[in-house]
Structure formats: structure tokens, C-alpha cells
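Letter by letter, the chains look like this.
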Amino acid sequence: MHLTWNRKDLISLDLLSKEEIESVFTVARAFKASLGNHKAKTTLLDGRSVVNLFLEPSTRTRLAFEVAAKRLGADSVTVSAAASSLTKGETLRDTARNMEALQADILILRHPASGAPNYLSKVVDIPVVNAGDGSHAHPTQALLDAFTLLERFESLDGLNVTILGDILFSRVARSNILCLRKLGATVTVAGPSTLVPNDFASMGVRVCHDLRSALEAADAVMLLRIQHERQTSTHFPSIGEYTSMFGLNQERAAWLKPDAVIMHPGPINRGVEIDSELADSNRSVILQQVTNGIVVRMAVLLLCHSFHTGEAIQLPQLNS
Ligand code: CP
């Protein structure tokens, strides 16, 4: 099995080649096939330590990285902002360098500031994996989203994906645009013009403020919540008015193709960007996305670590 991977860090998807993205999927598929439902552990990162430095709240990403590290046989330690000496004035650089001195082998960083993981990757020698930085990037989310789509569709080449919601403040949207376009998908970004500025066309996507048109074309619709924590001014009159104009409800879901899937990176704001029944419907792959986050992150941890150490990658055998 040929794998292409040329980096110790995963900061953003802009520099990743299509072959590197496909290598993540190859490794993730091998894990998914071999781990199955019995959650078997491997010893591929036996004796290694993965530190999760999460300086913003997280449920899915943090837990998936913790589970991924443990399934690889590594120790996994999570540090939050409140429980760290960052509250006493220590810098991010010193925090990371101390983690390295404490023999961390991989550092996972979620940070409210765009660019923080890139900065850390320059000040420590160990691999740094971006678990979401400001509105810049969330590369493992986009990888698991594409991986989930590939379980439903044979190829992403020519697939129409609509990303609907707060695009302006979304790192998930930016990373998904990069990933989906590299894999050949046609991407539409949709929502109110204040949250979906025409500037996004420069990323090679269709910018659409007409919800019906954006939904009718879609093979998959990816919903995003309003990122209140990043907005410094008001971009629409009220949540109720946003929902009435752009929320996905049963009537609007009927505009989708019959086999179109509904995605959401979570956390969901039920009754705001998505009707609660639709989130739980058989068109929704939202929880498959979450589950796939484990094997995709196992693949990313293994690829970054192997590139850094020069160790050959031993994959579990694929079940026939
Ligand atoms: N999708 C995502 O990043 O969710 P969390 O914030 O819960 O990690």
C-alpha cells in the first residue's frame, strides 16, 4: 500500500496534496476495518504521549483525539486553559516548550487565535496538530467530513456540496472548501450576505444568497451554527429571523435531491440552523461524522508521528 505524507505537522489543508489527503483516508479505512465495533487497541504508538492543549471548549474534537491516541496505544493527557499556568501569565510558547520537556511526543492544539498552531509548530520540534484555530482552520474536521461523504458517494469528483450558515467566521467552512475542492467537489456557500460575503468566490466556490437554489443543487448540505463567540458586531437582526430565512426545516429539506445527505460538524443548535427532526432523520450523517473522527484522527496522529521519527508505518490488515 503506497502512502504519501510529507509533514510532521497538520496546520491547514492548503498545503496538503490530494495524495496526502487520500493517504489519510487509506489509513483511516484500515483502522475502521480492523477496529470494527470491538474497539480493539493497537500498539502503533505504544509508549508515546499525546498532549491535548485545548484552550477553547470542545466535546467532539477533544474526545476523538483522546480516544484516537488511546486506540493507538499512546498515553493521552488533556490540558484546558483554566487548569494550566496560562492563567498565571505563562506564554503559549513556554507552555508548549514545557510540554515538550515533559516528553510529549505530539501536541494537539485548539486555540481561539488564528495562527496559534502554526506559531507553535515553529517553536517546538514535536508534531503539532491543529484542532481548530480561530476562524482559520479545522483540518481534521474537514478530513472526517470528506471521509464520511466517501462512505456514501463513490467519489467526490463532481459532487455538489452546499455549506450553509455562518461562513464568514467558520474555520470548518474554510477547511472544507480547501479539502472538497482538492477532491474535485463543486462547493456552494450559502446564507445571508452579511455572513457569506462575495469575497469567498476567490476560494473557487459559488456564493449564493438564494437558499432554494443552493439546496436544489446539493448532493450534501453541510450546516453551520452561528459562531457568536467570534462575532464582534451584529450580522442579522435576531436568531428567530435568521432561522426564518436560512434555517433548514422540513419544507426546505424537500428542495434537496432525494438522496442528498445532511451534515453538521456540531455542536448543533436545534431549531436554529436545523430542525430537530431533520438532525435525527435518516438523511442525517451527523453522528457518523463524529464516529469517523476517531479513525481519521488516528490516521493523522500516525502519519505525523511516522514522518517525524522516520519510522515505517505498519498498518493493520484490511478485512476482506
Ligand atoms: N466539530 C467540533 O469542532 O466540535 P467541538 O467543538 O465539540 O470539538
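Residue positions are counted from 1 within each chain, in the order its sequence is given. pLDDT decides what is reported in this predicted model: residues at 70 or higher carry local features, side-chain atom pairs at 80 or more are listed and counted, and totals for whole chains, interfaces and linings draw on all residues regardless. Neither water nor hydrogens contribute to the side-chain values; these are computed over all heavy atoms in the structure.

Caption draft 1: Structural detail: the overall build of the chain. The way it works is that DSSP assigns letters per residue, a run of H or I at least four long becomes a helix, a run of E at least two long becomes a strand, and they are numbered from the N terminus. A count of helical and extended segments in the chain gives 11 helices and nine strands. Expected size for 320 residues packed as a compact globule is a radius of gyration near 20 Å; at 19 Å, the chain falls within 12% of this value. C-alpha extents for the chain along the principal axes are approximately 55 × 55 × 35 Å. In this analysis, two residues are considered to be in contact whenever any of their non-hydrogen atoms come within 4.5 Å of each other. Look at the contacts in the chain between residues 6 or more apart in sequence, and 73% of them connect residues 24 or more apart. Each accessible area is a Shrake-Rupley result for a 1.4 Å probe, and residues are judged covered by the shown protein chains and nothing else. Surface summary for the chain: the accessible area is close to 13600 Å², and the carbon and sulfur share equals 49%. The centroid of the 31 positive side-chain charges in the chain is displaced by 2 Å from the centroid of its 33 negative side-chain charges. Computation of the radius of gyration draws on C-alpha atoms alone. For the globule rule, the value is 2.2 Å times the number of residues to the power 0.38. Positive charges come from Lys and Arg, negative ones from Asp and Glu, while His and the chain ends are left out of the count. To locate a charge, take atom NZ for lysine, CZ for arginine, CG for aspartate or CD for glutamate.

Caption draft 2: Fine view of helix α5 (residues 139–152). The span you would expect from a helix comes to 1.5 Å times its residue count less one. Between the first and last C-alpha of α5 there are 21 Å, a value that for 14 residues agrees with the 20 Å anticipated at 1.5 Å per step. A large share of α5 lies buried, amounting to 11 of its 14 residues. For each residue, the accessible area found with a 1.4 Å probe, counting protein chains only, is set against the maximum for its type, and the residue is called buried under 20%, exposed over 50%, and partly exposed in between. When α5 is considered as a whole, its buried residues turn out to be Pro139, Thr140, Gln141, Ala142, Leu143, Leu144, Asp145, Ala146, Phe147, Thr148 and Leu149.

Caption draft 3: Representation of the packing of helix α3 (residues 92–101) against helix α4 (residues 116–123) in the model. Relative to each other, α3 and α4 sit at 50°, their axes nearing to 10 Å. With respect to α4, the element α3 is oriented oblique. Crossing of α3 over α4 shows right-handed handedness. Residues Leu92, Arg93, Ala96, Arg97 and Glu100 of α3 lie in contact with α4, whose contacting residues are Ala116, Tyr119, Leu120 and Val123. Partitioned by chemical class, the residues of the contact of α3 with α4 number six nonpolar, no polar and three charged. Lines fitted to C-alpha atoms define the axes here, with helix axes fitted over just the stretch in contact, and angles between the N-to-C directions of these axes take values from 0 to 180 degrees. Roughly parallel refers to an angle under 35 degrees, roughly antiparallel to one over 145, roughly perpendicular to one between 65 and 115, and oblique to any angle outside these ranges. Crossing chirality is assigned from the near helix's rotation relative to the far helix, an anticlockwise turn below a right angle marking it left-handed and a clockwise turn marking it right-handed. Gly falls in the polar group here, along with every residue not listed as nonpolar (Ala, Val, Leu, Ile, Met, Phe, Trp, Tyr, Cys, Pro) or charged (Asp, Glu, Lys, Arg).

Caption draft 4: Structural detail: the domain arrangement of the chain. Each domain's limits were defined by an automated method or a database of domain assignments. Taken domain by domain, the chain consists of domain 1 (18–138 + 290–318) and domain 2 (139–286). One C-alpha centre belongs to domain 1, the other to domain 2; they are set 26 Å apart. Counting from both sides, the interface comprises 30 residues of domain 1 and, opposite them, 25 residues of domain 2. Values labelled buried area give the accessible surface lost by two parts on being combined, using a 1.4 Å probe and summing over both. At the boundary of domain 1 with domain 2, total buried surface from both sides reaches about 2100 Å², with 63% on carbon and sulfur atoms. Of all residues in domain 1, Phe25, Ser135 and His138 give up the largest surface area on contact with domain 2, accounting jointly for 30% of the area buried on that side. Within this document, salt bridges are pairs made up of a side-chain nitrogen of Lys or Arg and a carboxyl oxygen of Asp or Glu, the two lying within 4 Å of each other. Counting the contacts that link domain 1 with domain 2 gives two salt bridges. The residue glutamate 151 makes a salt bridge to lysine 32 at a minimum N-O spacing of 2.9 Å. Think of a polar contact as two N or O atoms within 3.5 Å of one another; within protein, one of them needs to be a possible hydrogen donor and the other a possible acceptor, and neighboring residues in sequence only count if both atoms come from side chains. Counting every contact that joins domain 1 to domain 2 gives 12 residue pairs in polar contact (both at pLDDT 80 or more). Only α1 (18–35), α2 (60–71), β3 (106–111), β4 (128–133) and α11 (286–309) provide two or more residues apiece to the side of domain 1 that touches domain 2.

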